[in-house]
Amino acid sequence: MDIVTAIIGKIGEISVVLIGKHIGYLIYYERNTEALKDHLDTLDGTRVRVNQTITAHKLRQEVPSPEVISWLTKVEQITKDLENDNTKRKCLNGWCPNLKARYSSSRNAKKKTQAIGELIEEGRNYVEPYHIAAPPQTGSSLSSEGFKHFESRTSIINDVLIALRDDKTNIIAICGMGGIGKTAMVKKIATRVKAENLFDEVLIAVVSQSPDLRSIPLEIAENRGLKLYQDTLAGRASALYSSLRELKNVLVILDDIWEPLNLKEVGIPYGDQHKSCKILITSRSEETCNMMKAQKIFSIKPLSEGETWNLFGEMAGNCIETPNLHPIAKNVAKECGGLPVAIVTIGRALENKSEEEWIAALEQLRKCIPQNIPHVHKNVYSCIRLSYDFLESDEARSCFLLCCLFPEDHNIPIEDLVRYGVGRKLFDQIDAIAQARLRVHAMVGNLRRSNLLLDSKDKEHVKMHDVVRDVAIYIACNEYGFMVRCDSEMEEWPQNDRYELYAAISLFSEKLKRHPDGLEWPKLELLQISSSFSGYGKRIPQSFPANLFRGMKELKILSFYCMSFLSLPSSIRVLQNLRMLRLEYCDFEDVSAIEALLKLEMLSFRGSQIKELPREIQNLTLLKLLDLSKCGQLERIPPGVLSSLSRLEELYMEQCSFKCWESPEGNGKGINASAAELCSLQHLMALDICIPIKLLPKDLYLEKSLMKFRISVTDEFQFKMHWKPSYLFENTLGLDCNASDIAESQTIRLMLQKAKALYSINTHHLVTICHSQVAVGSFGSLRYLNLSQCHSLKNAFPLSIARGLLQLQDLIINDCSVMEEIFSEEENDDEAVLKTIQFPQLYHVELKYLPGLIAFCKGIESSHVIMAQQPSLNQEVEGQDISHKLLSSISIFWAPNLQQLHISDCWSLEVVFDLEGLEVEENCRGFIALSQLRDLSLKYSHKLRHVWKNIPRGFQGFQNLSSIYLEGRSCLQYLFTPSIAKLLVGLESVSIIDCDEIENILEVGEEEDAAEIIVFPKLSSFKLWNLEKLKSFCPPSYYLEWPSIHKISLYKCPNLITFGSEIQSTTKPKNINVGLDSRLQDTGTTASVKDAPDYLDRCLACVPRRKKLQESSSLGCIETEFQGQILHPQVNKEVRGWIFLTFSNFHSYFF
């Protein structure tokens, strides 16, 4: 009987479980369907990240694995199945009265959720972790910053833009003499075509007088992030050709062409090969343009007298308007011959100079003997020479001349100028390299302001205009004994009978193989030989004669770059005055001869294939700088070598493969160096290394030292992040290790107190650090904070730590899967404490891939700040309470100088700015929030419902917000309300892409005024792409004014009917000149503009009006562009293809 009872009981338990399970499908229908929706959103985000990884690998010429392709196929299939599920469509979004259907739908949702969860987990294996980047640098090859608008130039730019739109024109040329402004013009054109979306890609490369053809495809590829690993020109050209063919339309700019260039040879398709690949070239020779079969050639002439005077005045300042100086300045300006490069250099040189100096300058310009410098106008030489003579010191002039040692358009490393200057003892009363570095950067800054040097890709490089370089070479060669040869075909040193006069020689050639043997060079102090024109490349084998250096006994600087040799010539031992030796990106086996260079102060093996640091280095007791950066094969540093360098000031091992540090307790008995040797270097001022935390010396001299450091501390030797190459780094600490080890390290505690940049990757339990003794007095100097892949962190710091981040400028948090808030409130944080928290220097916040993030500080609720029951101007339309808000009525005031806020893949976030409970007293101006915010970007935040919510009447803020960018699926139904719109007086551009729920751009809340005019005074660009539910821009009762509108871009907005209220106007309709755009003549669409003549009028009629600023004016030019296919002939009701409405920016017209 007991057995039967037990069996029946067991059957009952099982039955109850089974029945409960099936009943659960009915009870938890909403929960299951909501979970399915959340998982589907997460899967979509994972798919996006996997595709981003695939794209990144394609640019490195790598293809996805079969497993990745299979995963994407599964994702596509399960997504399609859900879209085709009739039950899901009927029941997923609301009440389902059919119990059978409800059961089936809930059960199916549960199974699908489990399957999707497995796909999400698998997909995470295919997402490449993002390398942590350094703070953004300034400078761009396409930047047109500083371009001056002159009528003579503007007309040419407009003509070039028309030619670029002409499908029958493939090659366009701009020609003119050196210094006339060709490069500045094409950069401005590049900026214009990018802003107007004329091309998918705009790529630029500089060809120069002696082109390295292999570098041209490399430079073009790097413009679009493509990596070319081929060494040969043919290999690189083929890879580039294939890449460019994939682009729908592309503009390739080839700057400074001297001789005809075979486009096919460097991998650029054109004509029948790729009709949508346009080529824009610049050259000094019209003949060269014709030989390259340019269909349109535009010549640039010198500036007019009025344009010259305006530019000269901008450079020289208001002093030229004084009665005494005005006539003198007029004559000086005339001497510039209308050439911009001459005008800006002479203007800067004479800025704030006395009358006597102006008179002397004019006399020098008039008396200057024109020099026969090929391709350099005589006026240009006179002006640049005067600017050179007016430099403040011999040091500055020497620094300027050192820049001509490098090839044309070269990115000149300022660090090379530092080391060359130290090697030649150019700096008076400066002994430390760090002090010399500061001096050189200050001089380079002055040379930039004088327009003798130009900005480059970042702050540690500089460029020299080719005309300025020609003049510099002339001065250096004729007055200071320089010889500069940059010729890719040169196989041997130039033949010359003046060897005894040379003080500096610089040779750049990919084919240089033969070197002189035994010649006398009694005055030679600097010798630079490179087999690469741009960065590191293929090492060229060399065979040095034994007596190469025998006649160079005064040599102080020796630089070999991108070479391959077995050993240094034995004659190097005679170089007893050598102070700098650079063997960078070289292959060699034996450099033991350097032991004889007893006066050597700087030694660099950067990028070289060196496996063991020569033990002979320990004899170089005067060595101040040792650079082992990017030595990817370094395996051994003999013990005792580093500690013997008692005068060492700087040690660089950035991206160095050395990973065999001995334990500090080894007492020097191992086969490798110990980091403890660094503790004995009392003169060390810069340290850049990567080291496991357990091998970090405990007594590294940091507490009272002025030493700057950049140290990567790891658990393992495979560190996951790479620093941007830099010699100006601030104290930087990278952590990729266990938090408990960090908390126990005294050295780490000292570094945290001094660190200005902190990177933490994959560091678990960071809260352990914050609540340990590390936190006491730590982080006070921090300016840059980057957390990545810290998957156990729910928050970055408690507020007790946050209060000390007064210097923080840049906050980046990426891929922390469980993070819910940035800062966490503690029990003792009362309202008064919360209101005093400030990040006064914080200007940039970037939050990416934080699926659980719901707040900047989620402990802050409205109970802290309720000061009145005043109603909000934009209450939630549905009345739903939303708590997942990034910035609340308290935290919105924490970063008063925030300029950039970028949020991506924060899937739990529902509101960005929610000011519920904030009271603004009448006539009170104290509540001005985020007044410096300029850039707001929100991407792929699936649950986002509001950007702004609960903004009280009288609130002030966001007045400088210039850019709003929204992209990806969300719950957002509108962008802003009228009360918010009226705050955005600085808004210039709005882009809304793939936001599938948005219905209106502007929505009216209950407390809003019934009807009014809203003005966006600076709005110039509006982009609306792929917005399936978008119906209108604003309600019919509202009027909009956009006095600065320049471009409206529409794509796949099928339900868009009108932009807003129709505006009554007595103005007659304007005629549209369709002929302005040749692409409109034959688009190949099923319904072209000619087929629907009312379409364009309707689009223009619904555009918000432009206020009339003058009584009498015309509409000006209106360009329209249609791309793709208009699917339905009823175009007066739908917007389905591409539409660009571009308005010439005239001062007066309205609709």
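As a reminder, the structure under discussion sits directly above these lines.
In this numbering scheme, every chain counts its residues from 1 along its sequence in written order. The model is predicted, so local features are restricted to residues of pLDDT at least 70 and side-chain atom pairs to those at 80 or more, both for listing and for counting; the totals for chains, interfaces and linings are taken over all residues. Remark: hydrogens and water are excluded; side-chain values derive from all non-hydrogen atoms of the structure.

## Remarks on helix α15 (residues 378–389)
- Across its 12 residues, α15 extends 17 Å between first and last C-alpha, which sits within 8% of the 16 Å expected from 1.5 Å per residue.
- For α15, the complete set of buried residues consists of N379, V380, Y381, S382, C383, I384, R385, L386, S387 and Y388.
- Residue contacts are defined here by distance: any two heavy atoms, one from each residue, within 4.5 Å place the two residues in contact. The helix and strand labels rest on DSSP assignments: H or I over at least four residues marks a helix, E over at least two residues marks a strand, and numbering proceeds from the N terminus. On its buried face, α15 is in contact with α12 (325–335), α13 (340–349), α14 (355–367), α16 (394–402) and α19 (466–479). In a helix, the anticipated span is given by 1.5 Å times the number of residues less one. Relative accessible area decides the class of each residue, using a 1.4 Å probe on protein chains only: under 20% of the type maximum gives buried, over 50% gives exposed, and in between gives partly exposed.

## What to know about the packing of aromatic side chains
- Paired rings are identified among Phe, Tyr and Trp, the last through its six-membered ring, by centres lying within 6.5 Å, and are further divided according to the angle between planes into stacked (under 30 degrees), edge-to-face (over 60) and tilted (the rest). By the definition in use, this model includes 32 aromatic pairs.
- Aromatic pair Y652 and F729: ring centres 6.4 Å apart, planes at 80 degrees, arrangement edge-to-face. Taken together, the positions of Y652 in strand β18 (residues 650–652) and F729 in the loop between β20 (708–714) and β21 (732–736) put the pair 77 residues apart, joining distant regions of the chain.
- Relative accessible area serves as the criterion here: at 1%, Y652 is assigned to the buried category.
- Taken together, the ring pairs connect F544, F549, F560, F565, F588 and F605 into an aromatic cluster.
- By the criterion adopted, a ring carries a charge over it if an Arg CZ or a Lys NZ lies within 6 Å of its centre and within 35 degrees of its normal. Positioned above the aromatic ring of W1025, the side-chain terminus of K1023 is 4.4 Å from the ring centre.

## With respect to the sheet that holds strand β6 (residues 412–413)
- A strand pair is defined by DSSP finding two or more bridges across the two strands. The strand order across the open sheet built from 3 strands is β6-β8-β7, with neighbouring strands paired in antiparallel fashion. Among the strands making up the open sheet, the edge pair consists of β6 and β7 (454–455).
- Pairing between β7 and strand β8 (residues 461–463): 2 bridges, direction antiparallel. Note that in β8 the partner of L454 across the bridge is K463.

## Regarding the side chain of R579
- Tracing the backbone through its elements, the reader meets R579 in the loop between β14 (563–564) and β15 (580–584).
- Whenever a nitrogen or oxygen atom comes within 3.5 Å of another N or O atom, the pair is scored as a polar contact, on the condition that within protein one atom can donate a hydrogen and the other can accept it, and that pairs from neighbouring residues in sequence are kept only if both atoms are in side chains. Within the structure, the side chain of R579 is placed 2.7 Å from the backbone oxygen of V422, a separation counted as a polar contact.
- With residues near it in sequence (within four places) discarded, R579 still touches V422, G423, K425, K556, K599, L600, E601 and M602.

## A look at the pattern of salt bridges
- For this analysis, a salt bridge means a side-chain nitrogen from Lys or Arg found within 4 Å of a carboxyl oxygen belonging to Asp or Glu. Counted under the stated rule, the structure contains 30 salt bridges.
- For R214, the salt bridge identified is with E510, shortest N-O distance 3.3 Å. One end of the pair, R214, is in the loop between β2 (201–208) and α8 (215–223); the other, E510, is in the loop between β10 (504–508) and β11 (526–530), and 296 residues separate them in sequence.
- Taking relative accessible area as the criterion, R214 reaches 16% and is therefore assigned buried.

## As for the sheet that holds strand β33 (residues 946–949)
- Taken in spatial order, the 3 strands make up an open sheet running β28-β30-β33, and their pairing is parallel. Each of the sheet's edge strands pairs with one partner strand only, and the pair in question is β28 (885–887) and β33. Ignoring strand direction, the axes of neighbouring strands in this sheet form an average angle of 35 degrees.
- Sheet topology places β28 next to strand β30 (residues 911–914); 2 bridges connect them, and they run parallel. When the sheet's bridge partners are listed, K885 is paired in β30 with V911. Axis geometry follows a simple rule: fit a line to the C-alpha atoms, using only the stretch in contact for helices, then measure angles between N-to-C directions, giving values from 0 to 180 degrees.

## Description of the pairing of strand β29 (residues 900–904)
- Pairing geometry for strand β27 (residues 844–848) and β29, over 5 bridges, is parallel. Residue pairing in the sheet places K848 in a bridge with S904 of β29.
- Here 5 bridges tie β29 to strand β32 (residues 935–939), and the two strands are oriented parallel to one another. Bridge pairing in β32 links I903 to L938.

## Notes on a nonpolar patch on the surface
- On the surface, I1013, V1015 and Y1039 cluster together into a nonpolar patch covering about 230 Å² of accessible area.
- Summarising the element assignment, Y1039 is placed in strand β39 (residues 1039–1041).
- Given the relative accessible area of 32%, Y1039 is considered partly exposed. Candidates for patches are residues over 30% relative accessible area with no salt bridge; among them, like charges are joined within 9 Å and nonpolar side chains (Val, Leu, Ile, Met, Phe, Trp, Tyr) within 5 Å. Residue exposure ignores everything except the shown protein chains as possible cover, and the areas themselves are Shrake-Rupley values with a 1.4 Å probe.

The quantities given are spatial measurements derived from coordinates; they are silent on function.
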